[in-house]
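Architecture at a glance
This is what each chain is made of:
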Amino acid sequence: LAADNDLDPRLKYYLTGEGAEHFSLDRDTGELRTSRPLDRETQAHYSLTAHVQDRERPDWECVSHIDIVLSDVNDNPPSFTTANHTAALPEDSPPGTLITKMHATDPDRGINRKVRYYLEDSAEGVFEMVPESGLVRLAAGLDREVVPEYILRVRAVDQGSPQLWRETTLRVSVLDVNDNPPQFVSRSYQTTIPENAAVDTEVAHVMATSLDTGINAEVVYSILGGNEHGKFAMDGKTGVISIVEPLDYERAHNYILTVMATDLGVPPLSTQATVNISVTDSNDNPPVFTQLSYNAQVKEHAQIGDVVLQVTATDIDSGSNGKVGYTLERGDRHQQFSMDPNTGHITVARPLDREMVSSYVLQVRATDFGLPQLSNFALVNIEVLDTNDNPPLFLENNYTAIVQEDKLPGWPVCQLTVSDADIIPNSAPFTFDILSGDPGGAFRIEPDGTVRTAARLSYRLQDTFTLHVRVFDNGTPPLYSDTWVTVKVIEESQFPPVVTPLEVWVGVYQERWGGGELGRVS
């Protein structure tokens, strides 16, 4: 307010200074008012100058300095220093561990700027907060494998009236501690592999995982037991089990490996599992005969269907790979024998005749039923045993002999020749018998077939003998045949032989003779 001693003064007011635009000074009355909302936190103090002029004489002016100090009103909530709050602590941290300190500011003054902190969500009591300081502490044990991270809502509240507040989030990461051993996907693995699988073939792939993280969750694999034969190897990084040595079903058709998964934590933790590997049979073994060659004997009078012998072959493979069938391959050109494909029995298929074929050398084959089929061979030597089925036969049906009378007993008359298609003992020695024609016993026959006189003969008593001779072989039962021997008895010679003159004419070419024998005179 300004005063002027003139009568009816006419005054004009105006305002200058930094921030004068926030106020208005009535031009006529000099009343000072705010012209827009004030913000103490933006400008708490104004130093203004109020001017008053005489409207008639503008050069007549006086000023007044105005200091305006704004008093605080709780119009600002607390503000956190950062938008995102994060913290981390190991999962084995004990209760009471300091996690972080929250900090919020309030531009107000006095009680309006005093901030207290509260947890809107303590994760069911896992965390606690000191309201005055904003310290966040651990209130209960952690388990990263159960809850790896917590997102907490933190509220900062000023103490003004009315109270203002602001919320933010605190992300608490639980750091892994190596407190969980690796766990296999399965405690027991089952797999099958053919025995002819090539080296480096993958047999099984085991996998183990750890609830931990980082290096604590990195797992390496190894074979702990069951690989005494060294047939398998394991990739330590991937858990792949592969073949490193050829398999043989016939030596071992089942392996139970104990495998171990170990993490890389400190201290390292491990767990075990079993891998049951069944080796399936492949047809990699041919049948093998129990003998390289067989020997058998069969009588030539054997009946059709009679068993000669049984050959046996074994195959150490299993199933159809180890099942064996038998066939006759060679040596039976006349199909005298047949072979049971299932049992290996060789039987007589046609009548045998030792006198036609006395022995056979058969080649037999044993073949399995695998894929591809494998086979092997053996020889069967069959000797046909003689049966007395052939009678002895005289060389001639009739014999004629001449003998002088009065020869001493034992004089050879003739030689009977006998043959027998059978062999000893069904042939020789032969037995001769004079059935008729010799009632007086004038002759006898020796075992070699020599007919001899048994007494002195007399031309005058009997000049002709017709002997009915029978020969028996040595078989059982004995067989025989007959012949006729005509013996003429002549009188004894009374005159010695006389050489009569003999003229021999020799014709020589060109009258030349080199010498030599021309002939014989008897």
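Cut-offs applied
Residues numbered from 1 in each chain as written. Predicted model: local features only at pLDDT ≥ 70, side-chain atom pairs only at ≥ 80, totals over all residues. Heavy atoms only, no water. Pairing = 2+ DSSP bridges. Helix = DSSP H or I, 4+ residues; strand = E, 2+ residues; numbered from the N terminus. Axes fitted to C-alpha atoms, helices over the stretch in contact; angles between N-to-C directions. Patch = residues over 30% accessible without salt bridge, like charges linked within 9 Å, V, L, I, M, F, W, Y side chains within 5 Å. Areas by Shrake-Rupley, 256 points an atom, 1.4 Å probe, with all protein chains shown as cover. Salt bridge = Lys/Arg side-chain N within 4 Å of Asp/Glu carboxyl O. Buried < 20%, exposed > 50% of the residue type's maximum accessible area, 1.4 Å probe, protein only. Domains from an automatic or database assignment.

1. Quick word on the sheet that holds strand β12 (residues 135-138)
- Strand order in the open sheet formed by three strands is β8-β12-β11, and the pairing between neighbours is antiparallel. The sheet terminates laterally at β8 (98-101) and β11 (127-129), the two strands that pair on one side only. Each strand of the sheet is rotated relative to its neighbour by a mean of 20 degrees, with strand direction disregarded.
- Alignment of β11 against β12, held across three bridges, turns out to be antiparallel. Looking at the pairing, M129 lines up with V136 of β12.

2. A few points about a nonpolar patch on the surface
- Where nonpolar side chains cluster on the molecular surface, the patch consists of I215, V220 and L264 and spans about 230 Å² of accessible area.
- Considering the arrangement of structural elements, one finds V220 in strand β19 (residues 219-225).
- A relative accessible area of 34% places V220 in the partly exposed class.

3. Notes on the domain arrangement of the protein chain
- For the protein chain, the domain assignment lists domain 1 (11-69), domain 2 (79-175), domain 3 (183-279), domain 4 (288-385) and domain 5 (393-490).
- Distance from the C-alpha centre of domain 4 to the C-alpha centre of domain 5: 48 Å.

4. Section: the environment of G319
- Among the secondary structure elements, G319 is positioned in the loop between β27 (313-314) and β28 (324-330).
- Using a relative accessible area of 58% as the deciding quantity, one classes G319 as exposed.
- Sequence separation between G319 and D281 is 38 residues, and the spatial gap between their C-alpha atoms is 8.1 Å.

5. Concerning the sheet that holds strand β5 (residues 61-69)
- Read from one edge to the other, the open sheet built from three strands follows the order β1-β4-β5, with strand pairing classed as antiparallel. Each edge of the open sheet carries a strand with a single partner, namely β1 (11-16) and β5. Put simply, the sheet's adjacent strands are angled 20 degrees from each other on average, direction ignored.
- Pairing of strand β4 (residues 45-54) with β5, which is carried by nine bridges, proceeds in the antiparallel orientation.

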